[in-house]
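# Breakdown of the fold
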Amino acid sequence: MVYPMKIKILGPGCVNCKTLANRTLEAVQQLEIEATVEKVEDIQAIASYGILRTPGLVIDERVVSYGMVPKVEEIKALILKQSAKV
Amino acid sequence: MNLKPSRLAVLFVAAWIIVYFALEPATISFVSLLSLPPDSRLTEAIRFFVYEAPKVLLLLTIVVFVVGIIRSYFSPERTRQILGKRSLFLGNILASMLGIVTPFCSCSAVPLFIGFVETGIPLGVTFSFLIAAPMINEVAVVLLFGLFGWKTALIYVTTGLAIAISSGFVIGRLRVERFVEEWVYTVKSQNLTLDSNPTFDDRVRAGFVAVRDIVSKVWVYVLIGIGVGAGVHGYVPENFLAGIMGKSAWWSVPVSVLIGVPLYSNAAGIIPIVHALLEKGASLGTALAFMMSVIGLSLPEMIILRKVLKLPLILIFVVVVAVGIIIVGYLFNFIY
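Residues numbered from 1 in each chain as written. Chains lettered and ligands numbered in written order. Predicted model: local features only at pLDDT ≥ 70, side-chain atom pairs only at ≥ 80, totals over all residues.

### Brief notes about the overall build of chain B
Defined as follows: The numbering of helices and of strands both runs from the N terminus, where a helix is a DSSP run of H or I of at least 4 residues and a strand a run of E of at least 2. For this measure, only C-alpha atoms enter the radius of gyration; the expected value for a globule follows 2.2 Å times N^0.38, where N is the number of residues. To sort residues by burial, count the other C-beta atoms lying within 10 Å of each one's C-beta; a count of 20 or more means buried, 12 or fewer means exposed, and anything in between means partly exposed. C-beta atoms are built from the backbone. The contact criterion used is a C-beta to C-beta distance within 7 Å, with each C-beta placed from the backbone.
Helix and strand content of chain B: 16 helices and zero strands. Relative to a compact globule of 336 residues, whose C-alpha radius of gyration would be 20 Å, chain B shows 22 Å and is just as compact. Referenced to the eigenvectors of the C-alpha coordinate spread, the extents of chain B come out at roughly 70 × 60 × 30 Å. Relative to its 336 residues, chain B shows a buried fraction of 40%. Within chain B, counting contacts between residues at least 6 apart in sequence, those at least 24 apart form 89% of the total.

Below you can see the structure in the form of structure tokens.
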């Protein structure tokens, strides 16, 4: 990876969104990678990613998961998969 | 030992059947063990609770499990595709039925609304979906079935569908497009391609997850509700409510709906109250109307939808659905 990964959590602040944010932070810590985790709560911004269900997980502007809360291990896998593409 | 979900499901269903059929003798002997004084009000209340609570919880578990598996075959994304360019009336029917089986949480109402509009689904069709999805759900159906029998459950589903279809159709005909926030029409979203090909084991797993998520959230309400029901059962005189919520009180239907609209509760919380109402002399139409207005329309949902809908459309939405519910209420009071 050439730059710190940009991870976004899409969701208007529901319980699931918070859980996803916490798990993502945990995944980032466990992987010991450089990444920023940002919560996107603005509904217009969320809509522009095209998801019909919140929460959404976005890595480097790509939606990698939505409508569910993946486990920490699954988030780690998604991050690794995405970083392999760069 | 790591069991495959499908095998686990077989064990689960087998265990469920055994427990279900052992339940009645077990509760009967349990109650006789308590050696309660016969014919006292407290005995009546305890009996009611001991019989009803485990039965309803068991039914809830199995239905949530099965519906969880069924839902894995549907998604809002696919529903959106199916509804694509449907005409108004047929679209309303489809949208209402898909509203029942598509996984939906009111916290996602806004992104879903935007996504539907972007695909060109008519507003009226979108509303049919948004009305049916929260109002008709497996928890409501199980509780109605468990406490009042299959006829009431069926009546609820069919009238709920009728309301969702006709309200969506009416809203569609009212040409309300101008009452949607302008920015909604300008959203251009990325094309999402998250391809997943779930195996049957994945779907069964989804069923178990649904049981874990829903039953763990709802069981407290069920117990409280049945508890309230038990209290009313033993202590409040029958026909207590007949004067104000019975058939003879013509105004009871609209008043129940007016009270129910701003209130919000999930099906699990409201049905035991409906139970108590019915038992104490409220008429079926009035009780159903109250229940529909509580779970179908709510202040929190309106506040969420206000982000994409202007106030006039929110009001139109509430009024059209409320009128539909009132008509259904009168209809049942008239028939029964």
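### Quick word on helix 2 (residues 41-71) of chain B
Every α-helix carries 3.6 residues per turn, so stepping three or four residues along brings you back to the same face. Condition: By this rule the span expected of a helix is its residue count minus one, scaled by 1.5 Å.
The first and last C-alpha atoms of helix 2 of chain B sit 43 Å apart over 31 residues, in line with the 45 Å expected at 1.5 Å per residue. Those residues of helix 2 of chain B that sit buried are B:Glu52, B:Val56, B:Leu60, B:Val63, B:Val64, B:Phe65, B:Val67, B:Gly68 and B:Arg71.

### What to know about the environment of A:Ile59
All names here are of chain A. For Ile59, the position within the fold is in strand 3 (residues 56-59). Its 22 C-beta neighbours within 10 Å are what place Ile59 among the buried residues. Spatially, the C-alpha atom of Ile59 lies 7.2 Å from that of Gln82, the residues being 23 residues apart in sequence.

### Quick look at the interface of chain A and chain B
Heads up, the condition is: Residue polarity follows a fixed list, in which Ala, Val, Leu, Ile, Met, Phe, Trp, Tyr, Cys and Pro are nonpolar, Asp, Glu, Lys and Arg are charged, and the others, Gly among them, are polar.
Each partner contributes to the interface: chain A provides 13 residues, whereas chain B provides 18 residues. Among the elements that make up the side of chain A that touches chain B, the one with the highest residue count is helix 2 (residues 43-48) of chain A (five residues). The residue inventory of the side of chain A that touches chain B, partitioned by class, reads eight nonpolar, four polar and one charged.

### Thoughts on the confidence of the model for chain B
Reading predicted coordinates in detail is not appropriate for stretches of low pLDDT. Residue and element names in this part refer to chain B. So the rule is basically this: A residue's pLDDT is the predictor's confidence in that residue, given on a scale from 0 to 100.
Residues of chain B with pLDDT of at least 70 account for 95%, and the chain-wide mean is 86. Within chain B, the lowest mean pLDDT, 72, falls on helix 11 (residues 242-245), and the highest, 94, falls on helix 8 (residues 150-173). Scoring of the predicted complex yields 0.85 for pTM and 0.83 for ipTM.

### Concerning the sheet that holds strand 2 (residues 35-40) of chain A
Residue and element names in this part refer to chain A. Note the cut-off: A pair of strands is treated as paired once DSSP finds two or more bridges between them. Orientation is described by lines fitted to C-alpha atoms, with helices fitted over the stretch in contact, and by angles between N-to-C directions that extend from 0 to 180 degrees.
Ordered in space as 2-1-3-4, the four strands form an open sheet in which the pairing is mixed. Two strands in the sheet have a free side with no partner beyond their single neighbour: strand 2 and strand 4 (62-66). Going across the sheet, the axis of each strand differs from the next one's by a mean of 20 degrees, ignoring polarity. Contacting strand 1 (5-10), strand 2 and strand 3, helix 1 (residues 15-31) crosses the sheet at an angle of about 175 degrees to strand 2.

### Topic: the pairing of strand 4 of chain A
All names here are of chain A. Direction of pairing for strand 3 relative to strand 4: antiparallel, over a ladder of four bridges. When the bridges of strand 4 are listed, Leu57 appears paired with Ser65. Where strand 3 folds back on strand 4, the antiparallel hairpin that results is connected by two residues, among which Asp60 adopts a positive phi of roughly 45 degrees.

### Quick word on the nonpolar core
Basically, it comes down to this: Residues of type Ala, Val, Leu, Ile, Met, Phe, Trp, Tyr and Cys that are buried and joined through C-beta atoms within 7 Å form what is called a nonpolar core.
Counting 102 residues, the largest nonpolar core has B:Ala132, B:Val139, B:Ala140, B:Leu143, B:Ile271 and B:Met291 as its most contacted members. Excluding residues that lie within four positions of it along the chain, B:Met291 makes contacts with B:Ile270, B:Ile271 and B:Val274.

### A word on the pairing of strand 3 of chain A
Residue and element names in this part refer to chain A. A two-sided burial pattern is seen for strand 3, the buried positions comprising Gly56 and Val58 on one face and Leu57 and Ile59 on the other. Two strands pair when backbone bridges link them, and strand 1 and strand 3 are joined in this way by four bridges, in the antiparallel orientation. Considered in strand 3, the bridge of Ile7 is made with Ile59.

### Here we look at helix 13 (residues 267-279) of chain B
Residues and elements named next belong to chain B. With 13 residues, helix 13 should cover 18 Å at 1.5 Å per step; its first-to-last C-alpha distance of 18 Å lies within 8% of that length. Burial analysis of helix 13 places eleven of its 13 residues in the buried class, the great majority of the element. Taken together, the buried positions of helix 13 are occupied by Ala267, Ala268, Gly269, Ile270, Ile271, Pro272, Val274, His275, Ala276, Leu277 and Leu278. Directly after helix 13, the chain includes Gly281, whose backbone phi takes a positive value near 105 degrees.

### Let's talk about the packing of helix 1 (residues 5-33) of chain B against helix 2 of chain B
Residues and elements named next belong to chain B. Inclusion rule: Oblique is the label for any angle not under 35 degrees, not over 145, and not in the 65 to 115 range, which are roughly parallel, roughly antiparallel and roughly perpendicular in turn.
Packing of helix 1 against helix 2 brings their axes to within 10 Å, and their N-to-C directions diverge by 175 degrees. Overall, the two elements helix 1 and helix 2 adopt an arrangement that is roughly antiparallel. For the pair helix 1 and helix 2, contact is made by Trp16, Val19, Tyr20, Leu23, Thr27, Phe30 and Val31 and by Arg47, Val50, Tyr51, Pro54, Lys55, Leu58 and Ile62, respectively. For the contact of helix 1 with helix 2, a count of residues per class yields eleven nonpolar, one polar and two charged.

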